[in-house]
Structure formats: structure tokens, C-alpha cells
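Chain residues, written in single-letter form:
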Amino acid sequence: MATPDYTLTELMAVTAAREIRDGEVVFAGTGLPMLGVMLAQRTHAPECVIIFEAGTAASRLAHLPMSVGDPRVMRGAAMAAGLMEVFTYVLQAGRVDVGFLSGAQVDRYGNINSTSIGRDPGHPSVRFSGSGGACDIACLAKRTIIIAKHEKRRFPETVDYVTSPGWLQGGDSREASGLVRGGPDTIVTTMGVMRFQPESKAVYLMNYHPGLTPTAVAEATSFPLDVRHAIETRPPTPLELRILREEVDPERIFLT
Amino acid sequence: MPGKLIDVREAAALIPDGATVSFGGFTTQRHPMALIYELIRLGRRNLYLFGHSPGGDWDILIGAGCVKRVELAYEADEAFSTVGPCWRRAVENGRIEWEDYSNFSMVARFTAGAMGIPFIPVRSLLGSDLVTREGLGPAARRADPRTSAKKLHVMDSPFDSRDRVVLVPAIHTEFAVLHVQKATACGTVRIEGQTFADVQQAHCADTVIVTAEDIVEEDDLRREPERNPIPFFVVNHVCHVPYGAHPYAVFNCYDYDPLQIAEYHGAARDDAAFRAYLEKYVLGVEDFAGYLEAVGGRRRLEPLRASPGFGYSPDLPRRRS
């Protein structure tokens, strides 16, 4: 097979961008999600709006931010305020259509750990940053898209700590917990794209990235993964790649 | 109105060992770094820190051994480093006590304190281990009035029992320290850009210290009072500290310093290298002016200066190595 003319990071950014619909309000962190939103704005979703939890809405980004508290997020923003305004009036009130999440571990119901590794969080073997706004986005956005590295240890049977609740134990357990809306919709990984069964809420493989096989993805997952209906991920178009490289990240901060 | 201007070292000296403190800013912007370096030089110990998304401000204090207990949502410089290196090691080696919340719940807690109410309901956290797991047990909480008696409380609404919320306890701190663009000698404050949770943090503190890039005339700020989020009578002390958030950014003033942040993160992964960093930039210099010279002085700072119309330095080299 010929070597593709795009990198894995580019493929993932394009795949994330295609999940965003025009006019949606998007809660995005730094890195890959930001590449995705900026690309979506320059292709099929010019009216989608970026919300930054540190206090800005509808920025017209000219340069990629390194953090959601980066002065770059002020560029052309429709509103600048603080975290409380964004978390209450925008997120809790139900105005966020889609939020992006990531973490060190993701289970079959889309529960995410970004707190620590080890069964006792009081004495963890590895400590991470912690929730930040991730738990809030997972609880209160209308749907979420998870970005993750696809390795067996990162897709375990159960996560060591539920930082960001997904479909919890599956079925109607999320609704029973008292959460008013939302839940994970898609997982974009380094190997493919997964979605959730409508009833059981268990994850299944929808796409595997070019050059891989469904079996290879299943083998990199600790829990049984339904791959029966998976088809190959649509590769980036030349236009998407050009915009990503020349307009979204010309400084090559996140693109590799 | 009496003037409130004092030197940043005098301001830091007001904060005793064991104090409860919150610092303004968010990950890579507007942390009161000059005052934090003074706290390290003063050898402060056993501080109790409250925050939502601190970055290197907390990380260097934790590494320097100044911190006993933290309540937080996140500790990292985001894309510069996915976890604060000193924070990570302190947890893994059992050198710090902590309680995890989310950004929304921590900011809601500051808001409750600022509003003078004992707790506030949020619709977040349900179903997560932030509800079911606790870093600080009941005994540790009972033993220390600086920490809320309970982490949180899940309840069904008294108005509709199908409606579940999580009550989170108000925060009151002895000190809040903010770094802002402009302040007056009387304590009127102007914050430009995102306000983060600085306003709530100020209002739930007994003593508020503001360090500012510029000290301006009272009349200058009172011409547009709608842009002044904190009134002078909430502020106790004001310090004039240009570049006071370095290596972090201040919107409309200067950008973050990618070279200094990278040097910090490179050093902070290792105890010995971290001690050398502290010696070179904090303990081994006399004051904040000495720090700015040690990082390279004007030659390092000039390229960080914000361009008008952007509020940051658009041509700053930022590519990660």
C-alpha cells in the first residue's frame, strides 16, 4: 500500500471536524479538538461557535491557543467574562451542543479517567492534571466527542477513576444518576471511530483508519469490541489538508 | 481614601505560614508570580491553596515545599505540559494533601463564598467519582476548620423530588492575590479580557492583595466604571509590579514566555534540577527585578510585548520542540 500523504494527527483532526455540524455551539479544549473546530469553521460549518471555559464565547481565532486561558482566545470574541458565566449561563443552562473530552483511560460506556492510575486514588501510581472542566462538560453538554490514543491499557474493562461520566454502567444508568442531558456520542482514536449502541450504550467500531483492520482495533481494546459493521475511515481531502496546514496551524504547534 | 500601595515583598510577608490563600489567573495567564516568588524566598510553609485551574503558580510553590493542602480541579500549563510536574510528584510521593473537584464546582464554591451563602447547587458531578471518592477523610476534615466539614452533598430538590443537584460548600480564604492590568492606589481594579474567577475569589477573601502592571489615576478608571469588576473597598493592598505574571501572559500587556515555561518544565521533572532552577531564578536573586534580569532582562521580555489590536505577540515563536 502507498504511504498516505497525511499524518495520523491530520486524519484525527479532520475526523473530529466532520463531527461538528454547522451552527453548533462547541466547547473545546486545546490541541486536537481546537484544530477540528477551526477546520470545521473553514469548511462545512462556518457558523459553528467556540466556547472557552475560561470565559470567552465565539472567538474568531487568528492563532491557535496553547490554553483556554491564552490571550489568543480574545481575538474577535463576541463575549468575554469569567468561568462562572460560561459554566452557568452557557453550559448548565443547556446551550452547548457538543463538547470535546480526552483522558488516559476510556471504558466501553465512554466513562473517562483523567485523574489518576491505581485503584486507590489516595495513593496513585500516576497522577494527572485532574478534571478541569471535563467532568462539567461530560455532565452538561448535549453530546460529547472523546479523543483518545488507542492502546489496550487505555481502553480497559473499567477505568480506575470516573473523572467524566459517560453512559456509566450502560442502559438507562446515566439518566438514573440524575444527569439531565448529554452523554458520549463518538470516540475518535488513533485507530478508528467508535459510536454507542442506542439501547445498551456499549461502544462499537464504526470506522478503522486506512492501513488498519477491524481485528487490529479489537486487539488493541481490553473489552470485547463489536467490529462487524466497521468500514474504513474516509481519508482527508486535499482541501481539508491544505486548510489545516496553511490556515489552522501554519506554526505547526499541534500538527505533526 | 488612604493609599494602599505597598511593596510586593511587604505584601507577601502579610501571608503567614498555614494561611488559606487563592491566586488569580488561569493555567497560563495572570498569575501573581512576583508575589509567589516572594513567598518562596520567605520560606512560607503549610499553605492551604484553593483554585480551579492553576498552573505553574501552584506547581513551583508545591515544589518549593510551601504547600500543605490543596482543593482544586486541575493543575497543569495545558499544552505546555499536561500535568504540573511538582504537583504530580508530590501526590505520587505522598507529600501533599488534596481534594479533587471540577472547574465549575470550584468556581461555584468561590461564588457561594462571595455571595455570603453557605453552599450552592450545581447539576454537574453526578455519576462521577468526584462524588463517590474523597481525598480528605472525615477525620482530617473535622480536625481542621480550614477545610469544609464535608466535601459535597447530593440532594433531590425540595421543589421537585425528580430533580437532583449536588450542593458544594462555600469557600472563604484569609487571602486572595490577583494580578491585573491596572489598579489605582486606592484599590479600584481594571481587568481586561477574561476575568476567570478573580472577582469571586476577591469577594470571598478576608484580605485582598492586587498586584498590577500599571498604577493609574482614580479618575481614569472611574470614567468607565462598568469595566471595573472589583470596588476599592474590597481591596486591602496594591503593588506595582510590571511583568508580575512572567512567565505567564497578561492580555494586552505581554505574552507567555515559551522558553521560560519550557525551561521550568524541563527542570521540574526532577528534584535536583528543580532545586537548581529555584536557586537560579528565585532563591539566588534579591527580588523580582533580579528575577527579570536572571531570565534575560529586556532582550527576553521585549519580544513578548503585546501588539495593539491583538493583545498578545502574534509573531512569537511557539513551536514545541
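Just above sits the structure.
Residues numbered from 1 in each chain as written. Chains lettered and ligands numbered in written order. Predicted model: local features only at pLDDT ≥ 70, side-chain atom pairs only at ≥ 80, totals over all residues. Heavy atoms only, no water.

### Here we look at the overall build of chain A
Short version of the rule: Counting from the N terminus, the helices are DSSP H or I runs at least four residues long and the strands are E runs at least two residues long. Values of the radius of gyration come from C-alpha atoms, whereas the globule rule sets the reference at 2.2 Å times the count of residues to the power 0.38. The cut-offs for exposure are 20% and 50% of the maximum accessible area for each residue type, with area from a 1.4 Å probe on protein chains only; residues under the lower value are buried, those over the upper are exposed, and the others partly exposed. By the convention used here, residues are in contact when the closest approach between their heavy atoms is within 4.5 Å. Calculation of accessible area relied on Shrake-Rupley with a 1.4 Å probe; when residues are assessed, cover is drawn exclusively from the protein chains displayed. Charge counting treats Lys and Arg as positive and Asp and Glu as negative, with His and both chain ends excluded. To locate a charge, the coordinates of NZ of Lys, CZ of Arg, CG of Asp or CD of Glu are taken.
The number of helices and strands found in chain A is 7 helices and 14 strands. The C-alpha radius of gyration computed for chain A amounts to 18 Å, which stays within 12% of the reference 18 Å derived for 256 residues, consistent with globular compactness. Along the first, second and third principal axes, the C-alpha set of chain A runs to 50 × 45 × 35 Å. Out of the 256 residues belonging to chain A, those deemed buried represent 62%. Long-range pairs, those at least 24 residues apart, make up 65% of the contacts in chain A with a sequence separation of at least 6. Accessible area for chain A stands at about 9,300 Å²; split by element, carbon and sulfur atoms hold 52% of it. Averaging the coordinates of the 25 positive side-chain charges in chain A and doing the same for the 28 negative ones gives two points 1 Å apart.

### A few points about the overall build of chain B
Counting secondary structure elements, chain B contains 13 helices and 11 strands. Its C-alpha atoms put chain B at 60 × 50 × 35 Å along the principal axes. Residues classed as buried in chain B amount to 62% of the 321 residues present. The long-range share in chain B, meaning contacts at least 24 apart out of those at least 6 apart in sequence, stands at 73%. Per element, the accessible surface of chain B, about 12,100 Å² overall, is 52% carbon and sulfur. Distance from the positive charge centre (36 side chains) to the negative charge centre (43 side chains) of chain B: 4 Å.

### Quick notes on the nonpolar core
All names here are of chain B. The criterion, for reference: We define a nonpolar core as any set of buried Ala, Val, Leu, Ile, Met, Phe, Trp, Tyr and Cys residues linked to one another through side-chain atoms lying within 4.5 Å.
Grouped together as the largest cluster of nonpolar side chains are 158 residues, with contacts concentrated most on I15, F23, L35 and I60. Not counting residues up to four positions away in its chain, the partners in contact with L35 are V8, A11, A12, I15, F23, V177 and I209. Counting 16 residues, the second largest nonpolar core, distinct from the first, contains L178, V180, V234 and V238.

### Things to note about the interface of chain B and chain A
Put simply, the rule reads: The buried area of a pairing is the accessible area, by a 1.4 Å probe, that goes missing from both parts when the two are put together, added over both. Between Lys or Arg on one side and Asp or Glu on the other, a salt bridge is scored when a side-chain nitrogen of the former is within 4 Å of a carboxyl oxygen of the latter. Contacts described as polar in this section are N or O atom pairs within 3.5 Å, which, within protein, must combine one atom able to donate a hydrogen with one able to accept it, while residues neighboring in sequence count only if both atoms come from side chains.
With 61 residues of chain B in contact, the opposing surface of chain A contributes 61 residues. Its largest share of buried area at the contact with chain A, chain B owes to F104, Q194 and R318 of chain B, together 16% of the area lost on that side. At the surface where chain B touches chain A, the tally comes to 4 salt bridges. Note that D70 of chain A is salt-bridged to R318 of chain B, the shortest N-O span being 4.0 Å. For the pair chain B and chain A, the number of links is 36 residue pairs in polar contact (both at pLDDT 80 or more). Counting residues per element, the ones that place at least two in the side of chain B that touches chain A are α4 (85-92), β4 (97-100), α5 (103-115), β5 (119-122) and α6 (129-132) of chain B. Counting residues per element, the side of chain B that touches chain A draws most heavily on α5 of chain B, at 6 residues.

### A look at the packing of aromatic side chains
Keep this limit in mind: Put simply, two rings from Phe, Tyr or Trp (the six-membered ring, in Trp's case) pair if the centres are within 6.5 Å, and we call them stacked under 30 degrees between planes, edge-to-face over 60, tilted for the rest. In this analysis the charged atom, NZ for Lys or CZ for Arg, is taken to sit over a ring once it is within 6 Å of the ring centre and within 35 degrees of the ring normal.
Considering all chains together, one arrives at 16 aromatic pairs over all chains under this definition. Measuring from centroid to centroid gives 6.2 Å for Y264 of chain B and F274 of chain B, while their planes differ by 80 degrees, and the two rings are edge-to-face. Separated by 10 residues along the polypeptide, Y264 of chain B in helix α10 (residues 258-268) and F274 of chain B in helix α11 (residues 271-283) bring together distant segments of the chain. Both residues of the pair, Y264 of chain B and F274 of chain B, count as buried. Ring pairs connect the aromatic residues Y37, Y264, F274, Y277, Y281, F288 and Y291 of chain B, which therefore count as one cluster. Its guanidinium or amino end placed over the ring of F310 of chain B, R75 of chain A lies 4.2 Å from that ring's centre, counting from NZ or CZ.

### A few points about the packing of α10 of chain B against α11 of chain B
Residues and elements named next belong to chain B. Formally: Geometry is summarised by axes, namely lines fitted to C-alpha atoms with helices restricted to the contacting stretch, and by angles between N-to-C directions that run from 0 to 180 degrees. Oblique is the label for any angle not under 35 degrees, not over 145, and not in the 65 to 115 range, which are roughly parallel, roughly antiparallel and roughly perpendicular in turn. Only Asp, Glu, Lys and Arg are considered charged in this grouping, and only Ala, Val, Leu, Ile, Met, Phe, Trp, Tyr, Cys and Pro are considered nonpolar; every other residue, Gly among them, is considered polar.
Where α10 meets α11, the axes come as close as 7 Å, and the angle between the chain directions of the two elements is 140 degrees. As judged from the angle between their axes, α10 and α11 are oblique. Residues Q260, E263, Y264, A267 and A268 of α10 form the contact with α11, whose participating residues are A273, F274, Y277, K280 and Y281. A class-by-class count of the residues in the contact of α10 with α11 yields 7 nonpolar, 1 polar and 2 charged.

### Describing the pairing of strand β8 (residues 173-183) of chain B
Strand residues, when the strand is regular, have side chains that alternate between the two faces of the sheet. Residues and elements named next belong to chain B. Here is the rule we go by: The criterion for strand pairing is that DSSP finds at least two bridges linking the strands in question.
Here β8 lies mainly inside the structure; 9 of its 11 residues are buried. As judged from the 3 bridges shared by strand β1 (residues 20-23) and β8, these two strands associate in the parallel manner. Paired with V21 across the two strands is F175, which belongs to β8. Bridge count between β8 and strand β10 (residues 205-215): 9 bridges; the pairing is parallel. Residue pairing in the sheet places L178 in a bridge with V210 of β10. Bridge count for β8 against strand β9 (residues 189-190) is 2 bridges, and the pairing is antiparallel. Paired with K182 across the bridge in β9 is R190. Taking the residues that link successive antiparallel strands as the turn, the β8-β9 hairpin has 5 residues, and the phi of G187 there is positive, at about 105 degrees.

### A short note on the sheet that holds strand β6 (residues 153-156) of chain B
Residues and elements named next belong to chain B. Sheet architecture is open: 3 strands sit in the order β5-β7-β6, paired in antiparallel fashion. A strand with exactly one partner marks an edge of an open sheet, and here the two such strands are β5 and β6. Put simply, the sheet's adjacent strands are angled 35 degrees from each other on average, direction ignored. Pairing analysis gives 4 bridges linking β6 to strand β7 (residues 164-169), with the strands arranged antiparallel. Residue pairing across strands places V154 opposite V166, the latter belonging to β7. Contacts from α5 reach β5 and β7 within the one sheet, and its direction differs from that of β5 by about 145 degrees.

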